[in-house]
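If you want the building blocks of each chain, they are given just below.
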Amino acid sequence: MGRLLYRIMISVLFLFLLAPVLLVVPMSFSADAFLVWPPSGFSTRWYIALARDTGLLEAARNSLLLAVLVCGAALALALPAALVLARGQFPGQAAMVALLSAPLLLPTIVLALALLIVFVSYGLLGSWPGLLLAHLLVALPYAIRVLMTAVATLPPAVEEAAASLGAAPWPVFRRVTLPLMLPGVAAATAIVFLVSFDEVVISLFVVGPQLTTLPVALFHYVESRTDPLVAAVSALLVVFTLAIVLILERALGLARALGR
C-alpha cells in the first residue's frame, strides 16, 4: 500500500510539472489567431509562419552558434580547472571552488546589471565577444561542477598503472584519464549548451539591435503579439531539449554521465 501511494504521488508530481508542456504542444497546432484554450481547430499555419519569420530564424542561428562557442570555451577552461580542484591540495582551494561557483548563487539580474556596466566601458554590448563572455560566466560553473564530480569518480589506480609503465603525464591524460572522463565531458557539454541556449535575462542586457538571441527575440515578440507562433517555437525547443537528453541517456546513461 505504501509503495502504491508513493507511485501515485510521484505520478501526480510529474503530471503537475509537465502540465505546461502538455498544453503548449496542442496550442502550437492551433488554427486560432490568438492563444486560446482549448483551440477551436488545429492547423500547421504557425509552423509555416515560423519557417518564414527571418528574424526568429536568424536569432535561432545566433543562439546555436553562441551555444557551440560557449561549450568549447567552457570545456577548455573547466577541464584543467576541475583536474586541479578535484585532485590538488593547496591553500585557498575551498575558497577558489566557492568563487567559481558564485555566479550560481547570485541573482541573475544582479549579474546582468554588473555586466552591462562593465561592457559599456569596453564597448562589448551587442557584440559576439560580449555575449560569449556573458554566457560563459553563467555556464562555466556548471561545467566545473560536473567535471569535478567526474574526476572524483575516476579510479586512480588505472592512471598510476599507466605512469608506472613509463607513460608521460600527457599520454596518460590523453589515453587514460580523458576516455574515462568522457561521460562527464558529455554531460557538461549538454548542460552548458542548454544553459547558454536558454539564457534570457543576461542576454537582454548585453544584446544589440544587430545581434540578438532566440530567447530575447521571443521576449520581444510576446510583448506585442499573442498568437500561437510562440507556442510553436516553444514546442520545438521542448523537442530539441528532449532529444539532447535522450541522446545522452542512450549513449552514456544519465547517472553515469553525471558521475553518479
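Residues numbered from 1 in each chain as written. Predicted model: local features only at pLDDT ≥ 70, side-chain atom pairs only at ≥ 80, totals over all residues. Heavy atoms only, no water.

Caption draft 1: Broad picture of a nonpolar patch on the surface. Together, Leu13, Phe14, Leu15, Phe16, Leu17, Leu18 and Leu22 give the surface a local cluster of nonpolar side chains, amounting to about 760 Å² of exposed area. By secondary structure assignment, the location of Phe16 is in helix H1 (residues 2–28). (Patch = residues over 30% accessible without salt bridge, like charges linked within 9 Å, V, L, I, M, F, W, Y side chains within 5 Å. Areas by Shrake-Rupley, 256 points an atom, 1.4 Å probe, with all protein chains shown as cover. Salt bridge = Lys/Arg side-chain N within 4 Å of Asp/Glu carboxyl O. Helix = DSSP H or I, 4+ residues; strand = E, 2+ residues; numbered from the N terminus.)

Caption draft 2: Representation of the pattern of salt bridges in the model. Within the structure shown, the criterion is met by 1 salt bridge. A salt bridge links Glu58 to Arg61; the shortest N-O distance between them is 2.7 Å. Of this pair, Glu58 and Arg61 both sit in helix H3 (residues 54–87), 3 residues apart, roughly one helical turn. Given the relative accessible area of 38%, Glu58 is considered partly exposed. (Buried < 20%, exposed > 50% of the residue type's maximum accessible area, 1.4 Å probe, protein only.)

Caption draft 3: Just the packing of aromatic side chains, in detail. On inspection of all chains with the given rule, the structure shows 4 aromatic pairs. On the basis of an interplanar angle of 40° and a centroid distance of 4.9 Å, the ring pair of Phe29 and Tyr47 is categorised as tilted. Placement of the pair is Phe29 in the loop between H1 and helix H2 (45–52) and Tyr47 in helix H2, with a sequence separation of 18 residues. Accessibility expressed as a relative area gives 32% for Phe29, which makes it partly exposed. Among the aromatic side chains, those forming a connected cluster through ring pairs are Phe193, Phe197 and Phe240. (Phe/Tyr/Trp six-rings, centres within 6.5 Å; stacked < 30°, edge-to-face > 60°.)

Caption draft 4: Here's a closer look at the nonpolar core. Ranked by internal contacts, the top residues of the largest apolar core, which has 58 residues, are Leu56, Leu147, Met181, Val192, Ile202 and Leu214. Within the residue set of this core, elements represented by two or more residues are H2, H3, helix H5 (108–122), helix H6 (128–152), helix H8 (169–198), helix H9 (201–206), helix H10 (214–224) and helix H11 (229–251). Among all residues touching Val192, those that are not within four sequence positions of it are Val70, Cys71, Ala74, Ala139 and Ala143. (Core = buried A, V, L, I, M, F, W, Y, C linked by side-chain atoms within 4.5 Å. Contact = heavy atoms within 4.5 Å.)

Caption draft 5: How the structure looks around the side chain of Ser196. As for its position among the elements, Ser196 is in helix H8. With relative accessibility at 3%, the residue Ser196 sits in the buried group. The residues contacting Ser196, other than those within four sequence positions of it, are Leu66, Ala67, Val70 and His135.

Caption draft 6: A look at the environment of Ser121. Relative to the assigned elements, Ser121 resides in helix H5. Taking relative accessible area as the criterion, Ser121 reaches 60% and is therefore assigned exposed. Reaching out from Ser121, the side chain makes a polar contact with the backbone oxygen of Ile117 at a distance of 3.3 Å. (Polar contact = N/O pair within 3.5 Å; in protein donor to acceptor, adjacent residues only side chain to side chain.)

Caption draft 7: Main features of the environment of Met27. Among the structural elements, Met27 can be located in helix H1. Sequence-wise, Met27 and Trp37 are 10 residues apart; in three dimensions their C-alpha atoms are separated by 7.4 Å. Ignoring sequence-local partners within four residues, the contact set of Met27 consists of Leu35, Val36, Trp37, Pro39, Pro228 and Ala231.

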